[in-house]
Structures are given as structure tokens and as C-alpha cells.
Amino acid sequence: RKEVEQDPGPFNVPEGATVAFNCTYSNSASQSFFWYRQDCRKEPKLLMSVYSSGNEDGRFTAQLNRASQYISLLIRDSKLSDSATYLCVTFNTNAGKSTFGDGTTLTVKP
Amino acid sequence: GAVVSQHPSWVICKSGTSVKIECRSLDFQATTMFWYRQFPKQSLMLMATSNEGSKATYEQGVEKDKFLINHASLTLSTLTVTSAHPEDSSFYICSAGPAGSSYEQYFGPGTRLTVT
């Protein structure tokens with residue numbers, strides 16, 4: 001079993017749709033959590049950190065449930081420019097390293 | 001924001017040759033840099049953690065003698081792929097975090113290596 005598992009996707013949605021991505025992690029020592037966005041043949045870029053209290057950045061909302069070891073990302077009013085692969089990432093402070101999920105690919109169509 | 005550069009951005013080499021990839025933090029000092037490899041349609045896999053002034057820590061299954069890492073200064077880490085083979089063809093990405101930050105990471109633009 002992978003340490004970080006994501007929805008396999010791909011997600012193909014029309015513009016304006018709301019889409020949700022799920023992620024589960026198995027290492028209870030993980031202490032920080034993030035969503036990254038990766039465009040084709042580019043490096044990952046930080047989208048947002050994820051907190052237990054939930055956090056929102058414009059059309060993006062991230063949520064962490066430590067008890068269930070579950071992370072989510074909600075995108076509202078999808079734009080064409082949201083098309084990318086979204087990576088769920090955990091960070092283990094003790095080990096000092098990050099673990100990446102395989103990513104979920106989103107394609108937003110006109 | 002913090003900027004990390006990589007050089008070269010792409011390289012094609014013949015089987016058996018060695019390739020050096022540089023990772024630089026341009027506007028901050030990084031005591032730790034990470035080297036990842038990403039195959040098509042797969043996620044980033046951590047290869048090693050590069051520590052300034054000390055030996056790198058390699059992940060299980062990564063050959064330290066094949067992937068040589070040197071982190072000689074607080075702004076530069078290098079990865080040398082020795083005796084490259086076609087199966088080493090991949091997207092190599094480094095990341096760096098500012099000194100004092102335990103988790104903040106900034107990624108370089110990546111180096112696409114093709115071994116023929």
C-alpha cells in the first residue's frame with residue numbers, strides 16, 4: 001500500500017463545475033500537509049497548505065481530518081486554467097522529508 | 001518568493017557517460033536540498049536528501065555510487081548520474097527549503113534527462 005493515496009482520476013469536468021479530490025495517508029507521523037499543482041512537464045508548485053481547521057483560498061478549499069488520515073481539496077467554479085495534476089503531499093518533520101501521492105489529473109473543458 | 005534554479009533544463013547523453021545536474025537556491029540559503037525523480041505519469045519519488053557539508057542520505061533502492069550528490073555550499077547541490085543507461089532517462093527535480101524552515105520547499109524547474 002502506498003503511503004499517500006489519491007483518487008486515480010482523471011477528472012474531466014465542464015467549466016464552472018465543482019470538483020473534489022480525496023487523499024489518504026498511512027503514516028501517522030506525518031505532521032504537515034499540502035496540495036501541489038503540477039502542469040505537464042513542469043515542476044510542482046505549492047497550491048496550499050492544509051490545516052485541521054480547514055482553509056480556503058479563493059475557489060480552493062482544503063481540509064484535513066487527522067483522525068481519519070484524510071485530506072481533501074475542493075475546487076469551485078472550475079476554470080480552464082485549473083487543468084493540471086494535483087498532488088497530495090505529506091511532510092514528516094522527524095524524518096525531514098516529504099511523500100507525494102501519484103496525483104489526480106483534472107481537465108476542465110469549455 | 002524563493003527561487004530555485006536547475007541546470008541544464010534538458011540533456012541528451014549516450015549510454016555509459018556521466019551527467020551532472022546543478023540545483024541552486026538563488027535568494028536564500030538552503031542547508032537541505034532534496035533530489036527527486038519522476039517517470040512519466042508517476043509521482044515524484046525522493047532519491048536522496050542533500051545536506052550541506054555532510055554526506056547525502058539516500059532512499060532505499062537508490063544507489064549512492066551511481067547517483068553522486070555533493071552539497072558544497074548553502075546555495076548549490078549537484079547530482080551526478082554516473083555511467084548513465086537508458087533506464088535512467090527521467091525528469092529529475094530538486095527542491096530546497098530556507099534554513100530554519102522544516103517543511104517549506106521550493107522546486108527547481110527540473111532537468112529532463114534522455115539517455116540514448
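Everything discussed here concerns the structure shown above.
Read on for a plain summary of the structure. (Residues numbered from 1 in each chain as written. Chains lettered and ligands numbered in written order. Predicted model: local features only at pLDDT ≥ 70, side-chain atom pairs only at ≥ 80, totals over all residues. Heavy atoms only, no water.)

### Quick notes on the interface of chain B and chain A
Contact residues are listed per partner, giving 16 residues for chain B and 17 residues for chain A. Contact between chain B and chain A buries roughly 1400 Å² in total, counting both sides, with carbon and sulfur atoms accounting for 55%. Where chain B packs against chain A, one counts one salt bridge. Notably, a salt bridge pairs Lys97 of chain A with Glu59 of chain B, separated by 2.7 Å at the nearest N-O pair. If you look at where chain B meets chain A, you find four residue pairs in polar contact (both at pLDDT 80 or more). Counting residues per element, the ones that place at least two in the side of chain B that touches chain A are strand E4 (32-38) and strand E9 (90-97) of chain B. Element by element, the count of residues in the side of chain B that touches chain A is highest for E4 of chain B, at three residues. Partitioned by chemical class, the residues of the side of chain B that touches chain A number nine nonpolar, five polar and two charged. (Contact = heavy atoms within 4.5 Å. Buried area = accessible area lost by both parts, 1.4 Å probe. Salt bridge = Lys/Arg side-chain N within 4 Å of Asp/Glu carboxyl O. Polar contact = N/O pair within 3.5 Å; in protein donor to acceptor, adjacent residues only side chain to side chain. Helix = DSSP H or I, 4+ residues; strand = E, 2+ residues; numbered from the N terminus. Nonpolar A, V, L, I, M, F, W, Y, C, P; charged D, E, K, R; others polar.)

### As for the environment of Thr114 of chain B
Residue and element names in this part refer to chain B. Locating Thr114 in the fold gives a position in strand E11 (residues 111-115). The class for Thr114 is partly exposed, based on a relative accessible area of 35%. C-alpha separation for the pair Thr114 and Ala30, spaced 84 residues apart in sequence, amounts to 28 Å. Setting aside residues no more than four positions away along its own chain, Thr114 makes contact with Val11, Ile12, Cys13 and Ser89. (Buried < 20%, exposed > 50% of the residue type's maximum accessible area, 1.4 Å probe, protein only.)

### Some points on the state of the cysteines
Residue and element names in this part refer to chain B. In this structure the tally under the stated criterion is two disulfides over all chains. Put simply, Cys23 and Cys94 are joined by a disulfide, and their sulfur atoms are 2.0 Å apart. As the torsion about the S-S bond is roughly 80 degrees, the Cys23-Cys94 disulfide counts as right-handed. Here Cys94 lies in strand E9 and Cys23 lies in strand E3 (residues 19-25), a separation of 71 residues in the sequence. (Disulfide = S-S within 2.5 Å.)

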